[in-house]
Amino acid sequence: MRDDSDKVASSKRDTLRAWLGQARFFTEEVYSARYRGAIARARRDEDDLFMLLVFSEMMGVPNPASYYTLELQPLLLERFHDWHTRMGMEHSPLDHFRCC
């Protein structure tokens, strides 16, 4: 008899936890919906600045951290075309690297 009441209590507890988890997710989404655009713009600006830092040495801008950013260039080459077109450059700014 006691096992049955423990199972019922455990089932109710699990149901309540699931409901509270869904309610928390819903309230977080409602709260952050207003700021989603601003957060995306800020992230894109930070990504653009990071791309400029990584590829600045190749564009002739002195970079004090070029030794450390050199190993990131192969990882970011996939996003290079999107970055330079978003920055207003029709063609690749790098003489020895053509992406379009």
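Residues numbered from 1 in each chain as written. Predicted model: local features only at pLDDT ≥ 70, side-chain atom pairs only at ≥ 80, totals over all residues. Heavy atoms only, no water.

The name given to the protein in an unreviewed UniProt entry is DNA helicase, with Halomonas colorata as the source organism.

*Asks:* So what about the nonpolar core? Which residues, and what values?
*Replies:* Counting six residues, the largest nonpolar core is built from Met51, Val54, Phe55, Leu76, Phe80 and Trp83. Contributions of two or more residues to this core are made by helix 2 (36-55) and helix 5 (80-86). Per-element tally for this core: the top contributor is helix 2, with three residues. Beyond its immediate sequence surroundings of up to four residues, Trp83 is in contact with Asp48, Met51, Leu52, Met59 and Met89. (Core = buried A, V, L, I, M, F, W, Y, C linked by side-chain atoms within 4.5 Å. Buried < 20%, exposed > 50% of the residue type's maximum accessible area, 1.4 Å probe, protein only. Helix = DSSP H or I, 4+ residues; strand = E, 2+ residues; numbered from the N terminus. Contact = heavy atoms within 4.5 Å.)

*Asks:* Could you give me a rundown of the packing of aromatic side chains, with the residues and numbers involved?
*Replies:* Aromatic rings considered in pairs are described by the distance between their centres and by the relative angle of their planes. Inspection of every chain in the model, using the stated rule, returns four aromatic pairs. Ring centres of Tyr31 and Tyr35 lie 5.7 Å apart, and the angle between their planes is 55°; this geometry places the pair in the tilted category. Judged by centre distance (5.3 Å) and plane angle (85°), the ring pair of Tyr67 and Tyr68 falls under edge-to-face. Note on accessibility: Tyr67 and Tyr68 belong to one class, exposed. One aromatic cluster in this structure is built from Phe55, Phe80 and Trp83. (Phe/Tyr/Trp six-rings, centres within 6.5 Å; stacked < 30°, edge-to-face > 60°.)

*Asks:* Describe helix 2, listing the residues and the values that go with them.
*Replies:* Its 20 residues give helix 2 an end-to-end C-alpha distance of 28 Å, which sits within 8% of 28 Å, the value for a rise of 1.5 Å per residue. Among the residues of helix 2, those classed as buried are Asp48, Met51, Val54 and Phe55. Taken end-on, helix 2 shows its buried residues confined to a sector of 125°, consistent with a single buried face. Opposite the packed face of helix 2, turned more than 90 degrees from it, sit the exposed residues Ile39, Glu46 and Leu49. (Expected span 1.5 Å × (residues − 1). Arc of directions from axis to C-beta.)

*Asks:* Just give me the short version of a nonpolar patch on the surface, but keep the residues and values in it.
*Replies:* On the surface, a nonpolar cluster with roughly 350 Å² of combined accessible area is contributed by Leu16, Trp19 and Leu20. Here Leu16 lies in helix 1 (residues 2-32). (Patch = residues over 30% accessible without salt bridge, like charges linked within 9 Å, V, L, I, M, F, W, Y side chains within 5 Å. Areas by Shrake-Rupley, 256 points an atom, 1.4 Å probe, with all protein chains shown as cover. Salt bridge = Lys/Arg side-chain N within 4 Å of Asp/Glu carboxyl O.)

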